[in-house]
Amino acid sequence: MIFDVAVIGAGVVGGLIGRELTKYKLSVCILEKECDVAMGSSRANSAIVHAGFDAESGTLKAKLNVRGSQMMEQVAKDLGVSYRRNGSLVIGFDEKDMAIIRTLYDRGLENGVQGLELIGRERLKKLEPHLSDQVVGALHAPTGAIICPYDLTISAVGNAMDNGAELKLNFPVDKIEWAGELFRIYSKDTTIEARYLVDAAGLYADEIAKLIGEDGFSIRPRRGEYLLLDKECGSFSDHTVFRTPTKMGKGILITPTVDGNLLLGPTSENIDDKEDTEVTAAGIQKIIGEALGDMPEVPHRKVITSFCGLRATTEGGDFILRPAKENPHFILAAGIDSPGLSSAPAIAEYVTELLKKAGLVMEPNPKFIPLRESTHWFRNLPNGEKNKVIENDPKFGRVICRCETVTEGEIIDAIRRNPQATTLDAVKRRTRSGMGRCQGGFCSPYIVEILSRELGIPFEEVTKSGKGSYINVGKTK
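We now turn to the structure provided with this report. This structure is a prediction, so every number in the text was calculated from the model and none was measured.

### Focus: the side chain of Asn111
The topology assignment puts Asn111 in helix H3 (residues 95–111). A polar atom in the side chain of Asn111 sits 3.1 Å from the backbone oxygen of Ala55.

### Here's the deal with H3
The terminal C-alpha atoms of H3 lie 24 Å apart, and with 17 residues this matches the ideal 24 Å at 1.5 Å per residue to within 8%. When H3 is considered as a whole, its buried residues turn out to be Asp97, Met98, Ile101, Leu104, Arg107, Gly108 and Asn111. On the buried face of H3, the contacting elements are helix H2 (60–79), strand E5 (88–92), strand E6 (117–120) and strand E7 (137–141). One side-chain oxygen at the N-terminal end of H3 lies 3.2 Å from the backbone nitrogen of Lys96; it belongs to Asp94. With its phi angle positive at about 95°, Gly112 sits one or two positions after the end of H3.

### Re the sheet that holds strand E8 (residues 145–147)
An order of E3-E8-E4 is seen for the three strands of this open sheet, with the pairing classed as antiparallel. Across the chains shown, the open sheet's two edge strands, defined by having one partner strand only, are strand E3 (48–49) and strand E4 (83–84).

### Brief notes about the state of the cysteines
By the definition in use, this model includes zero disulfides. With no disulfide partner, Cys29 has as its closest neighbouring cysteine sulfur the one in Cys35, 17 Å distant.

### Things to note about the packing of aromatic side chains
Each aromatic ring pair is described using two quantities: the centre-to-centre distance and the angle formed by the ring planes. If you walk through the whole model with that rule in mind, you get seven aromatic pairs. Seen in terms of ring centroids, Trp178 and Phe183 are 4.7 Å apart; in terms of plane orientation they differ by 55°. Their pairing is tilted. On the basis of relative accessibility, which here comes to 37%, the residue Trp178 falls in the partly exposed class. Of the residues examined, Phe183 reaches a relative accessible area of 1% and is grouped as buried. A connected cluster of aromatic rings, assembled from ring pairs, spans Trp178, Phe183 and Phe330.

### Topic: the nonpolar core
Within soluble globular proteins, side chains that are nonpolar generally end up buried alongside one another. If you look at the biggest cluster of nonpolar residues, it comprises 54 residues, and the most contacted ones within it are Ile17, Leu321 and Leu355. If one sorts the elements of this core by residue count, helix H8 (residues 340–357) sits on top with eight residues. With near-sequence residues (within four places) excluded, Leu321 lies in contact with Leu60, Leu64, Leu332, Ala333, Ile336, Ile347, Tyr350, Val351 and Leu354. One finds Val173, Ala201, Leu310 and Ala312 within the second-largest nonpolar core, a separate group that totals 29 residues.

### Observations concerning the side chain of Asn261
By the element assignment, Asn261 lies in the loop between strand E15 (253–256) and strand E16 (262–265). Only 2.9 Å separates the side chain of Asn261 from the backbone oxygen of Leu229, close enough to count as a polar contact. Sequence-distant contacts of Asn261, that is, excluding residues within four places in its chain, are made with Leu228, Leu229, Asp230, Lys231, Gly234, Thr255, Pro256, Ile304 and Arg432.

### Some details on the pattern of salt bridges
Throughout the structure, instances matching the rule amount to 42 salt bridges. The partner of Asp272 in a salt bridge is Arg220, with the nearest N and O atoms 3.3 Å apart. With a gap of 52 residues between them, Asp272 in the loop between strand E17 (269–270) and helix H7 (281–294) and Arg220 in strand E13 (residues 220–229) connect regions that are remote in the sequence. Residue classification places Arg220 among the partly exposed positions, given a relative accessible area of 38%. Residues Asp413 and Arg417 are paired through a salt bridge, measuring 2.9 Å at the closest nitrogen-oxygen approach. On the criterion of helical spacing, the pair formed by Asp413 and Arg417 is a turn pair, its members being four residues apart in helix H10 (residues 408–417). For Asp413, a relative accessible area of 17% translates into the label buried. In this structure Arg417 comes out as partly exposed when scored by relative accessible area, which is 45%. Salt bridges sharing partners connect three or more residues here, namely Lys231, Asp259, Arg379, Glu404 and Arg432.

Parameters at a glance
For every chain, the first residue of its written sequence is number 1, and the numbers climb from 1 along that sequence. Given that this is a predicted model, residues contribute local features only at a pLDDT of at least 70 and side-chain atom pairs are listed and counted only at 80 or more, while totals for whole chains, interfaces and linings are drawn from all residues. Only hydrogens and water are removed before side-chain values are computed, so all heavy atoms of the structure are retained for them. The way it works is that DSSP assigns letters per residue, a run of H or I at least four long becomes a helix, a run of E at least two long becomes a strand, and they are numbered from the N terminus. Pairing of N or O atoms within 3.5 Å defines a polar contact, subject to two protein rules: one partner must be a possible hydrogen donor and the other a possible acceptor, and residues neighboring in sequence count only if both atoms are side-chain atoms. Helix span is expected to be 1.5 Å times the residue number reduced by one. Only protein chains enter the accessibility calculation, which uses a 1.4 Å probe; a residue whose area is less than 20% of its type maximum is buried, one above 50% is exposed, and one in between is partly exposed. By the convention used here, residues are in contact when the closest approach between their heavy atoms is within 4.5 Å. Here, a strand pair is defined by DSSP locating no fewer than two bridges between the strands. Disulfides are defined in this document as cysteine sulfur pairs within 2.5 Å. Two rings from Phe, Tyr or Trp (for Trp, the six-membered ring) form a pair when their centres sit within 6.5 Å of each other. Planes less than 30 degrees apart are called stacked, planes more than 60 degrees apart edge-to-face, and all others tilted. Put simply, a nonpolar core is a bunch of buried Ala, Val, Leu, Ile, Met, Phe, Trp, Tyr and Cys residues held in one set by side-chain atoms that sit within 4.5 Å of each other. Here a salt bridge means any side-chain nitrogen of Lys or Arg lying within 4 Å of a carboxyl oxygen belonging to Asp or Glu.

Read these as spatial facts, not as claims about activity.
Given below as structure tokens:
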């Protein structure tokens with residue numbers, strides 16, 4: 001089969017591009033080198049839908065951040081993804097900070113951000129009582145929001161598949177050939193063909209582009225470490241609280257998550273290794289130090305896990321969204337660092353327009369289904385409805401993950417509904433099993449047992465996150 005469009009990369013950008021393309025009568029294929037979707041930057045970031053005041057006016061980041069922020073609530077609703085418009089604050093400690101904050105305010109107005117306001121200490125302390133007494137003022141952006149990035153990615157790819165797109169996992173692209181009217185994309189012993197190709201490969205977008213001779217940019221990882229606090233801390237801060245930004249980013253933030261935790265981070269460090277997601281002692285100390293400076297009572301001793309994410313940065317600083325110079329049928333969606341998550345729905349629209357301009361004929365698909373049931377459908381039911389489900393299938397009444405109250409029925413449902421849910425982490429991302437206080441210490445063996453049974457493989461062949469990540473290496477007796 002020859003696809004109309006192949007999208008390389010099943011992160012949030014690639015997933016939403018794939019979904020956007022299925023709004024038209026097109027054959028679409030999404031290619032991913034890992035064993036699941038949302039395995040790169042989309043699984044480890046701040047989970048913030050930025051309002052759009054930070055990006056330099058006139059850039060793609062500014063334009064698409066504001067548009068994406070405006071779109072995100074409806075996208076999340078359609079895809080059954082948790083979203084909360086909690087608002088954001090950029091706080092200042094002195095007049096130098098406030099000068100930068102006033103610049104952000106003016107920039108936000110120019111970018112088209114709605115509802116921005118400059119507020120003083122008294123109003124600020126009413127909004128966030130735990131803030132330091134040294135804070136003198138802030139920029140308040142009520143349209144700032146929070147979302148779950150991997151849930152959004154899973155649902156976007158799933159909805160694209162609902163509408164006919166194909167997903168090919170474990171498909172690292174080794175070689176690309178242009179045969180005059182189509183691309184041949186090679187991976188190990190497999191080849192697919194497509195008339196148009198979108199490079200949404202995240203940290204590896206530059207390496208994919210080089211396969212067709214496009215070498216005008218390079219991606220460098222920017223490492224960010226985070227601390228996730230227990231759910232009992234989720235109400236400590238209502239807003240997403242930023243420090244005044246620097247050239248390295250928006251600094252250490254304090255934010256609630258849509259799942260009820262409190263998140264601190266990230267650090268910001270340019271590195272060369274695209275696989276280095278190590279959490280360091282220095283990074284942890286930096287996060288705690290800055291967070292305590294913003295909110296002296298932040299409950300930093302309630303950390304339940306730490307993690308690290310990598311952002312795809314470029315020298316130019318803006319998103320790279322354009323046809324390749326070597327071939328207009330090859331569309332670049334590269335350098336998508338912050339605010340990439342916020343911009344993702346708008347990037348999908350933008351890339352679709354680029355494909356139209358490149359000659360792809362797009363006829364609306366009257367059978368397009370915009371809605372997708374939440375992966376947490378059982379959790380979201382009223383208790384009476386849950387009881388009816390349990391009466392029909394008692395497995396939904398057997399709790400496997402005590403911290404997050406995830407049942408055996410939910411885990412089995414996630415595995416059966418999602419052919420790509422073949423690992424412990426894949427189940428974790430779809431059900432939240434193992435994401436609570438004990439971080440899987442109690443439930444992991446039971447989930448491995450369920451995976452073994454459902455997939456029809458030996459217990460010791462179940463992995464944490466794909467090739468080589470074995471949890472059990474054999475039997476003791």
